[in-house]
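Results of the structural survey
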Amino acid sequence: MADYIDVRYATLLSARYPRYSVKHRNPLKINFRCPICGDSKHSMKKARGWITEIPKTGHLHYKCFNCGTSLSFISFAKQMDPNLYKDYVTERYVGKAREEVSIDEKVKTETPKFDKNPLKNIKKISQLKYDHPVKKYIESRKIPSKEHYRMYYASKFMKWINSIIPGKFEDYLLKKDEPRLVIPLIDKTGQIFGVSARAFSDNSLRYITIMFDDSPKIFGLDKVDFSKPYFVTEGSIDAMFLNNCVAMVGADANLEGLEQLDNAIFVHDFEPRNKEICDRMENLLNRGFHVCIWPLNVKGKDVNDMYLNGIKNVEDIIKKNTYSGLMGQLKLKEWRKC
């Protein structure tokens with residue numbers, strides 16, 4: 001049976017989301033619209049986010065059957081509401097404090113200690129044979145050769161992550177384990193603080209991001225110069241095609257980790273009918289930032305696609321179609337209609 005503290009905080013968190021409903025209390029099953037992917041854009045009746053109790057262990061788990069997100073309840077709460085998460089941790093461990101172990105010390109002792117080089121047990125793309133399918137995949141995407149050193153290959157991605165963070169993926173998920181392209185997230189000092197992993201199968205969740213600490217989800221911090229104009233893309237592979245570029249892994253609206261934002265040019269995918277992308281662009285323009293609004297004759301849904309379609313001057317196109325302020329709002333309004 002789930003712990004009453006877990007149940008209470010699961011209820012507090014999930015009750016704020018649309019279509020909230022407690023389907024079963026023992027074992028616990030709570031249903032609501034997924035706040036991570038927004039669930040269905042076509043039907044407000046869809047609700048495919050679930051907090052469920054895992055049999056035997058009593059632990060709670062979050063799963064979205066639309067975007068495929070799968071997290072422990074603790075990780076889900078931390079991502080959705082950091083303040084509620086702090087309250088949860090405090091209450092979760094208050095009993096332990098009586099044993100003269102402070103909450104801060106308790107959390108600290110439970111923080112995983114990661115290997116300085118968690119990538120040592122998987123292969124660099126450069127180590128693969130010339131006819132390896134992943135090598136061919138990289139070549140088919142025309143990713144610049146100077147960026148190949150930034151990519152790795154994990155034949156069993158979940159198993160590898162579990163060797164770094166024990167229990168990160170539960171046994172039932174390991175049965176669906178698969179190979180992935182691994183792109184490390186590295187900070188200015190050269191330390192790896194997470195990885196972004198791309199699936200090769202169209203039937204899988206395309207990207208999975210695993211963080212090793214609480215750093216912002218940004219790719220390219222090890223190379224970017226914030227003192228000069230720089231680009232901010234949605235995907236890490238797109239960022240490899242542009243000079244002085246970072247990627248907001250997960251494409252969320254949190255700008256934490258970016259510096260000197262006056263120098264930033266935000267580059268989204270070319271999807272004028274995608275409400276989420278348009279809303280994100282509008283939000284950035286409202287905050288006074290510079291945003292690329294692609295011309296309507298561009299071929300490709302993202303930077304990588306454009307290069308594959310033979311467009312070599314993508315960077316120049318971005319610079320010529322970057323707007324801010326009122327002009328940006330007018331251009332975005334036109335763009336939405338196409």
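Report follows, based on the coordinates. Predicted, not measured: the structure shown is a model, and the values here were computed from it.

**Examining helix H6 (residues 157-164)**
Burial analysis of H6 places six of its eight residues in the buried class, which makes it a mostly covered element. Within the sequence span of H6, burial applies to Phe157, Met158, Trp160, Ile161, Asn162 and Ile164. Where the residues of H6 are buried, they touch strand E7 (152-154), helix H7 (171-174), strand E8 (180-186), strand E9 (192-199) and strand E10 (207-211).

**Things to note about the sheet that holds E10**
Strand order in the open sheet made by the five strands is E6-E7-E8-E9-E10, with antiparallel pairing throughout. Only two strands of the sheet have a single partner each, and these edge strands are strand E6 (123-124) and E10. Pairing between E9 and E10: five bridges, direction antiparallel. Each residue of the ladder has a partner; that of Ser196, found in E10, is Thr209. Relative to E9, H6 is tilted by about 165 degrees, and along the sheet it contacts E7, E8, E9 and E10.

**Re the environment of Ile143**
Position of Ile143 among the secondary structure elements: in the loop between helix H5 (133-140) and E7. For Ile143, a relative accessible area of 5% corresponds to the buried category. Between the alpha carbons of Ile143 and Leu308 there is a distance of 9.6 Å; along the sequence they are 165 residues apart.

**Digging into the pairing of strand E12 (residues 230-233)**
Remark: a regular strand shows side chains that alternate across the two faces of the sheet. Side chains Tyr230 and Val232 project from E12 onto one buried face, and the interleaved Phe231 and Thr233 project onto a second face that is buried too. Bridging between E12 and strand E14 (residues 264-267) involves four bridges; their strand directions are parallel. Each residue of the ladder has a partner; that of Val232, found in E14, is Phe266. Two elements, E12 and strand E13 (residues 245-248), share three bridges in a ladder whose sense is parallel.

**Some remarks on the nonpolar core**
With 59 residues, the main nonpolar core has Leu258, Phe266, Trp294, Val314 and Ile318 as its most contacted residues. With five residues, the single largest contributor to this core is helix H9 (residues 275-286). Beyond its immediate chain neighbours, meaning those up to four positions away, Leu258 contacts Ile218, Phe226, Tyr230, Val232, Val246, Met248 and Phe266. Counting 23 residues, the second largest nonpolar core, distinct from the first, contains Tyr17, Ala77, Tyr85 and Tyr88.

**Some points on the pairing of strand E1 (residues 21-25)**
Pairing analysis gives four bridges linking E1 to strand E2 (residues 28-32), with the strands arranged antiparallel. Looking at E2, one finds that Val22 is bridged to Ile30. Counting the residues that bridge the hairpin from E1 to E2 gives two residues.

Rules behind the numbers
- Residues numbered from 1 in each chain as written.
- Predicted model: local features only at pLDDT ≥ 70, side-chain atom pairs only at ≥ 80, totals over all residues.
- Heavy atoms only, no water.
- Buried < 20%, exposed > 50% of the residue type's maximum accessible area, 1.4 Å probe, protein only.
- Helix = DSSP H or I, 4+ residues; strand = E, 2+ residues; numbered from the N terminus.
- Contact = heavy atoms within 4.5 Å.
- Pairing = 2+ DSSP bridges.
- Axes fitted to C-alpha atoms, helices over the stretch in contact; angles between N-to-C directions.
- Core = buried A, V, L, I, M, F, W, Y, C linked by side-chain atoms within 4.5 Å.

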